[in-house]
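Report on the structure
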Amino acid sequence: MLVLTRKLGESIAIDDHIKIRVVQIKGKQVRLGIEAPKDTKIHREEVYVAIQDQNQQSANVPADKTRSVAKLLKP
């Protein structure tokens, strides 16, 4: 893991397309601004983990339930 120290208003660059800037420091909280291409998905870690868990649960649906849903969706 790379650990960097930044002050208010300073930033870091990731590759040529992503910039992360410290925009506010209040007590123990740091507010970050992220500039990235619109197609870059950015989530808080707890949201990302929840999305991954949901995807994993969806992938583990039994085949018979998938077929039942497919039959309902056919015109």
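Residues numbered from 1 in each chain as written. Predicted model: local features only at pLDDT ≥ 70, side-chain atom pairs only at ≥ 80, totals over all residues. Heavy atoms only, no water.

The pairing of strands in a sheet happens through backbone hydrogen bonds and is either parallel or antiparallel. Spatially, the 3 strands line up as an open sheet ordered 1-2-3, and their pairing is antiparallel. Bordering the open sheet on either side are strand 1 (11–14) and strand 3 (29–35), each of which pairs with just one other strand. Neighbour-to-neighbour, the strand axes of this sheet turn through a mean angle of 25°, independent of strand direction. For strand 2 (residues 18–26) and strand 3, the ladder comprises 7 bridges, and the chain directions are antiparallel. Residue pairing in the sheet places I20 in a bridge with I34 of strand 3. (Pairing = 2+ DSSP bridges. Helix = DSSP H or I, 4+ residues; strand = E, 2+ residues; numbered from the N terminus. Axes fitted to C-alpha atoms, helices over the stretch in contact; angles between N-to-C directions.)

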